[in-house]
Amino acid sequence: MSQEMRLGHVGLNVTDLERSTHFYTRVFQLSVAQRGRTYAYLASGDDVVITLWEQATGSFSASSPGLHHHAFQVQSFDDVEQVELRLRAMNVQILHDGVVAHGAAEQSGGLFFADPDGIRLEVFCAEGAGDRGAPYGEEPTCGFF
């Protein structure tokens, strides 16, 4: 390829479009760029980052091939803490009871939680979590939730 590739957007199958749209726009402060009867395009600024498709039944299975988790990188540790406040206000279960480092002696870290369909999510920043502990020691935290 002649140029660097970057992720365009992530498409997620959900069971309830209204519920998922509310969750993602509130937690991540995304806007609805386009909406149809069974889909929504969610944007950060001018960029569509998530598409929701009401095409699923049941719940996310961590033991099936496919998506492991979706991670959102934010600019600052304060941004991670703001997401944590929104999650707690919504009574969303946060794994590890809050922000953790990505691994022992790592400065990067974040929050781990799930959306209403059980899709595993992470919000992280590159610095600021070094004093938060790493639940799996040297192993990457994002690999084990």
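The coordinates are above.
Notes on the structure in this doc start here. Quantities reported herein were computed from a predicted structural model and do not represent experimental measurements.

**Considerations on the pairing of strand β8 (residues 120-125)**
- Of all six residues in β8, six are buried, a share of seventy percent or more.
- Covered by surrounding structure in β8 are R120, E122 and F124 together with L121, V123 and C125, the residues of both alternating faces.
- Here four bridges tie strand β5 (residues 70-73) to β8, and the two strands are oriented parallel to one another. Bridge assignment links H70 to a residue of β8, and that residue is L121.
- Direction of pairing for strand β7 (residues 109-114) relative to β8: antiparallel, over a ladder of six bridges. For F112, the partnering residue across the bridge sits in β8 and is E122.
- Between β7 and β8, which pair antiparallel one after the other, the connecting turn spans five residues, and G118 there sits at a positive phi close to 90 degrees.

**A few points about the sheet that holds β5**
- Across the sheet, four strands lie side by side as β5-β8-β7-β6; this open sheet has mixed pairing. Two strands bound the open sheet, and with one partner strand each, they are β5 and β6 (100-101).
- As paired strands, β6 and β7 are joined by two bridges and run antiparallel to one another. In the strand pairing of β7, V100 is matched with G110.
- Against the sheet, helix α2 (residues 77-89) touches β7 and β8, its axis set at about 25 degrees to β7.

**Things to note about helix α1 (residues 17-28)**
- Taking 1.5 Å of rise per residue, the 12 residues of α1 would be expected to cover 16 Å, and the 16 Å separating its terminal C-alpha atoms lies within 8% of that figure.
- Every buried residue of α1 is accounted for by L17, S20, T21, F23, Y24, V27 and F28. Projected down its long axis, α1 shows its buried positions confined to an angular sector of 165 degrees, all on one face.
- Positive backbone phi, at 55 degrees, marks Q29, one or two positions downstream of α1.

**What about the nonpolar core?**
- One finds Y24, F28 and F113 to be the most contacted residues of the largest nonpolar core, which totals 30 residues.
- Breaking this core down by element, the ones donating at least two residues are β1 (10-14), α1, β3 (39-44), β4 (47-54), α2, β7 and β8.

**A look at the pairing of β1**
- Of the two faces of β1, only one is covered, namely that formed by V10, L12 and V14; the face formed by G11 and N13 stays uncovered.
- Inspection of the sheet shows β1 paired to β4 by five bridges, in the parallel sense. Bridging across to β4, G11 finds its partner in T51.

Quick notes on the rules
- Residues numbered from 1 in each chain as written.
- Predicted model: local features only at pLDDT ≥ 70, side-chain atom pairs only at ≥ 80, totals over all residues.
- Heavy atoms only, no water.
- Buried < 20%, exposed > 50% of the residue type's maximum accessible area, 1.4 Å probe, protein only.
- Helix = DSSP H or I, 4+ residues; strand = E, 2+ residues; numbered from the N terminus.
- Pairing = 2+ DSSP bridges.
- Contact = heavy atoms within 4.5 Å.
- Axes fitted to C-alpha atoms, helices over the stretch in contact; angles between N-to-C directions.
- Expected span 1.5 Å × (residues − 1).
- Arc of directions from axis to C-beta.
- Core = buried A, V, L, I, M, F, W, Y, C linked by side-chain atoms within 4.5 Å.

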